[in-house]
Amino acid sequence: MRYRHLHTATLALGIVVLIDVLRVFLPSVITIFGQAATTPAELLGAFALGWFVLALAFPALLRRLGTRPVTLVAAVALAGLRLALTAAPGGRAQLWLATAGLVAGLLWLAGTAAGTDRPVPGLASGLALGAVVHAGLGTYDLVWRGGWAGWAGSVVLVGLFLAGTARPAPPVEPGGGARAWLLAGPALLLTGMVALSPALAETGSSYRRGPGDGLASSAAAGDVSALFSWAVAVFLFAALARPPRGHARLLGPLALVLGAVLFAAGEPGWLGPAVLLTAAGVGACLSLAGAAAPIAATAVPDPAGASDASASVEPPAPAGAAASAESAPAGVSAPAVSASAGAPGRPARSPLAAVLGMLLFAVAAVGYYAAYDLGYPNAAVPVAVAGLVAVVALAPALRGGTAAPARAASWAWTRPVAAVSGLVALLATNLPAAEVAPLRPGSPPADVRVVAYNVRMGFGLDGRFDPDGLARVVAAERPDVVLLSEVDRGWLLNGGHDTLTLLSARLRMPYVFAPAADPLWGDAVLSRFPVESARSERLAALGAPTGAQALGVTLDLGGDARLAVVATHLQPPPGREPVAQARAVAQFALGYADGRPLVVAGDLNTEPGAPAYAEFTRAGLVDALATARPLFTSPADDPREQIDHVLVSPGMVAGGPVAPRSTASDHLPVAVTLTLPPTATG
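Residues numbered from 1 in each chain as written. Predicted model: local features only at pLDDT ≥ 70, side-chain atom pairs only at ≥ 80, totals over all residues. Heavy atoms only, no water.

A. Seen up close, the overall build of the chain. For the chain, the helix and strand inventory stands at 25 helices and 13 strands. The proportion of buried residues among the 682 residues of the chain is 58%. When contacts within the chain are restricted to residue pairs at least 6 apart in sequence, long-range pairs at least 24 apart make up 78% of them. For the chain, the exposed surface amounts to about 24,700 Å²; the carbon and sulfur share of it is 64%. (Helix = DSSP H or I, 4+ residues; strand = E, 2+ residues; numbered from the N terminus. Buried < 20%, exposed > 50% of the residue type's maximum accessible area, 1.4 Å probe, protein only. Contact = heavy atoms within 4.5 Å. Areas by Shrake-Rupley, 256 points an atom, 1.4 Å probe, with all protein chains shown as cover.)

The following block contains the structure:
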């Protein structure tokens, strides 16, 4: 059992390392391979999927070279490339290091699958551990941080992983665990996207604190949701407990499908139930898939004439019976057993199941997020993946087969792990919240400094996730109000970061967030002044693939002074100006302000004098950046377009407009000081 415990811990650590690499690879495809959002989405998808398709050749490589040596080499490569990513290379170096790390990780996973017949404890513990660490770091992972803390944590992680890998794996039962390995990729998708996403859990909770329907706001100090903690505990208990029998086994798969449906519905108020149901469902399906292989299976002859261990499946032997090839179940050939120890042979079907599962992960992830570039409905993707997981988990019952009972000894020791992990998750997500700067009290200020910034989900022009860099750029302007575009609050494609909470804490400014594409992606207003009210209006897409909205926020400046602020990010239809959206935003803004001083700002994707821009001036709004024109803001390294704007109502005086140079995003921010008219009272 000591060997199995060590092997389980090593598998869990390897899953954490692989997830770290994926958190770099996926956004690197978008921000580095995809040049300034001009690379076709189809090409991005083909590049990302190609490496997972390549992994289909890995089972044959294992048969030819032997599982043990290949797995060791892959583990060393995975660990080394994970450390190389901590060196913060950025650019093409980051893209290719992450790609090589992904390939090494998939090869390691295939080799580990060949030598692991009961993977569920390691898989579940790895998914939970990765999520807990992600939450404890505020979703700003070590792989991005660098510095002594990032290096120390990364070295410890890969050191423990390599130390466990160097120890020989326990003997395995050929053919065992294939169904569980097939679910590894889909489970990674569903936990990273929904069930074990601390960013999603916090975002879902922040909607309950929002100033209006469909809006989210930052928590007060110490008010951090425990939803994620419960999700971790529920997931681990469901995955590591003995699976139920009879009709009770349907509860987990049904919970999973229902949770996926709630998530896919896109209703902010349903995110909390979606998290808990999906967590319980994924865990339960892993437990069912890993309980045992079907007793009755038909042997398929090996093309070379040897018996095929990948198709010959026998009932589990008594505990300890797999300790040697001599005590293997009848009908299992020696080459199949020796393959896990490193001799060339024909490993079980588990390696192919593992890489197929990861290919499913990639196809589903690309298919889901590509919809925001190509414009097709994507709600069916998580539901379809959940349905597939449920079918695989229930496969023996659906085809009328009988599954051998799980051995209690292989599961009982993991129950304390679930309790401890849930407690750790609770502590990690209830750390004291960052102190928010005191709101400016007293009489209204003479002027207000406004910054508008498209933050590209927190990724700099070099493809690095750098909330510190973004915060420094904004803080240098000493803003009172900040309007943000392209705010990501937990997309798995971008690494699962809650960019808004990270920036809010660093700027010490509370926020109001409005969804645009889905509940996790949209626009935000951060302010040092109290928010009196807020409202959001969806904008018609009119051929634009990504959704858009207009967020109106009323700020209490003190006394009777009020300021209406509208944040938006216009999405032009392909090859056309966003005229209709601009007209809708102008009408909404004027109606929302209702005579109060008004600021409309954001990435408007139109230039001064263009038809969409004319909709704002026709409505009576004034260009607050006029004295600094031309004021180019995109792309950040060689700005040639004036598409980020601040427009104000007549009577407001604008001063000091600038677009400070920075590559913390692919846009430059715009900043201006606004002096309110003396009669600005409400």
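Next comes the rest of the write-up.
B. Geometry of the packing of helix 10 (residues 184-195) against helix 18 (residues 380-393). Contact pair helix 10 / helix 18: the axes reach a minimum separation of 10 Å and the direction vectors enclose 135°. In terms of orientation, helix 10 lies oblique with respect to helix 18. Like other packed secondary-structure pairs, helix 10 and helix 18 cross with a definite hand, here left-handed. Contact residues: P186, L189, L190 and M193 in helix 10; P382, V385, A386 and V389 in helix 18. In the contact of helix 10 with helix 18, the residues fall into eight nonpolar, no polar and no charged. (Axes fitted to C-alpha atoms, helices over the stretch in contact; angles between N-to-C directions. Parallel < 35°, antiparallel > 145°, perpendicular 65-115°, else oblique. Left-handed = near helix turned anticlockwise from the far one by under 90°. Nonpolar A, V, L, I, M, F, W, Y, C, P; charged D, E, K, R; others polar.)

C. Region of the structure containing the packing of helix 24 (residues 579-593) against helix 25 (residues 611-618). Running from N to C, helix 24 and helix 25 point in directions that differ by 15°, and their axes come no closer than 8 Å. Of the possible angle classes, the one that applies to helix 24 and helix 25 is roughly parallel. Considering the relative orientation of helix 24 and helix 25, their crossing is right-handed. Seen from helix 24, the contacting residues are V579, A582, R583, V585 and A586; seen from helix 25, they are P611, A612, E615 and F616. Across the contact of helix 24 with helix 25, the residue classes tally to seven nonpolar, no polar and two charged.

D. Broad picture of a nonpolar patch on the surface. The grouping of V53, L56, L352 and L356 at the surface amounts to a nonpolar patch, some 290 Å² of accessible area in total. Position of L56 among the secondary structure elements: in the loop between helix 2 (41-54) and helix 3 (58-65). (Patch = residues over 30% accessible without salt bridge, like charges linked within 9 Å, V, L, I, M, F, W, Y side chains within 5 Å. Salt bridge = Lys/Arg side-chain N within 4 Å of Asp/Glu carboxyl O.)

E. Structural context of the sheet that holds strand 2 (residues 447-454). Strand order in this open sheet of seven strands is 1-4-5-3-2-13-12, and the pairing throughout is mixed. Looking at strand neighbours, the two that pair on one side only are strand 1 (216-217) and strand 12 (653-658), the edges of this open sheet. When strand 12 meets strand 13 (residues 670-675), the two strands line up antiparallel, connected through four bridges. Across the sheet, G655 pairs through a bridge with T673, a residue of strand 13. (Pairing = 2+ DSSP bridges.)

F. Spatial organisation of the packing of aromatic side chains. Within the structure shown, the criterion is met by 18 aromatic pairs. Consider the rings of F47 and W51, whose centres lie 5.8 Å apart with planes at 80°: the pair is edge-to-face. Residue F47 and its partner W51 are located together in helix 2, separated by four residues, close to a single helical turn. A residue is classified by how much of its surface remains accessible, and F47, at 12% relative accessible area, is buried. Taken together, the aromatic side chains of F263, Y368, Y369, Y372, W491 and W521 make up a single cluster linked through ring pairs. Of note, R489 hangs over the ring of F513, and the distance from its end group to the ring centre comes to 5.3 Å. (Phe/Tyr/Trp six-rings, centres within 6.5 Å; stacked < 30°, edge-to-face > 60°. Lys NZ or Arg CZ within 6 Å of the ring centre and 35° of its normal.)

G. Looking closely at the pairing of strand 11 (residues 644-648). Most of strand 11 is tucked away, with five of its five residues classed as buried. The alternating pattern of strand 11 places D644, V646 and V648 and H645 and L647 on opposite faces, both of which are buried. Looking at chain direction, strand 9 (residues 598-603) and strand 11 are connected through five bridges and run antiparallel. Bridge pairing in strand 11 links A601 to V646. Across two bridges, the pairing between strand 10 (residues 622-623) and strand 11 is antiparallel. In the strand pairing of strand 11, V622 is matched with V648.

H. Quick look at the side chain of T10. When you line up the elements, T10 lands in helix 1 (residues 2-33). In this structure T10 touches W108, F161, G164 and T165, once residues within four positions along its chain are discounted.

I. Local environment of the sheet that holds strand 8 (residues 561-569). Judged by pairing direction, the sheet is mixed, and its six strands sit side by side in the order 6-7-8-9-11-10 without closing on themselves. Because the sheet does not close on itself, it has two edges, and the strands there are strand 6 (531-539) and strand 10. Where strand 8 and strand 9 come together, six bridges link them in parallel fashion. What sits directly across from A564, in strand 9, is L598. On top of the sheet, helix 24 reaches strand 6, strand 7 (548-558), strand 8 and strand 9; it is set at about 155° to strand 6, its chief contact.

J. Region of the structure containing the pattern of salt bridges. All chains considered together, the criterion is met by 12 salt bridges. Residue R562 pairs with D556 through a salt bridge whose shortest N-O separation is 3.1 Å. Here R562 falls in the buried class, since its relative accessible area comes to 15%. Taking the shortest distance from any N to any O, the salt bridge between R618 and E615 comes out at 2.9 Å. Of this pair, R618 and E615 both sit in helix 25, three residues apart, roughly one helical turn. Classification of R618 as exposed rests on a relative accessible area of 59%. Judged by relative accessible area, which is 11%, E615 ranks as buried. Several salt bridges converge on common partners, so that one network encompasses E532, D556 and R562.

K. The arrangement of helix 14 (residues 271-291) in detail. Given a rise of 1.5 Å per residue, 21 residues ought to cover 30 Å, and the 30 Å separating the end C-alpha atoms of helix 14 matches this to within 8%. Of all 21 residues in helix 14, 17 are buried; the element is thus mostly enclosed. (Expected span 1.5 Å × (residues − 1).)

L. Expanded view of the confidence of the model for the chain. Averaged over every residue, the pLDDT of the chain is 85; the share at 70 or more is 81%. Considering only residues more than four positions removed or in separate chains, one finds that residues 220-224, a stretch of pLDDT under 50, has nine contacts. Here residues 402-413 is a poorly scored stretch, pLDDT under 50, and it has 31 contacts once near neighbours within four places are set aside; other chains count. (pLDDT = per-residue confidence, 0-100.)

M. Summary view of the environment of F52. The residue F52 is located in helix 2 in this model. Taking the C-alpha atoms as reference, F52 lies 9.0 Å from V363; in sequence the two are 311 residues apart. Not counting residues within four places of it along the chain, the set of residues in contact with F52 comprises L22, F25, L102, L106, M358, L359, F361 and A362.

N. Quick look at the nonpolar core. Ranked by size, the top nonpolar core spans 141 residues in total, and within it F52, F235 and F361 carry the most contacts. Broken down by element, the residue count for this core peaks at 15 residues, all from helix 1. Those residues in contact with F361 that sit more than four places away from it in its chain are L22, L26, F52, G185, L188, L189 and L492. Of all hydrophobic cores here, the second largest spans 34 residues; its members include A601, L631, L674 and L676. (Core = buried A, V, L, I, M, F, W, Y, C linked by side-chain atoms within 4.5 Å.)

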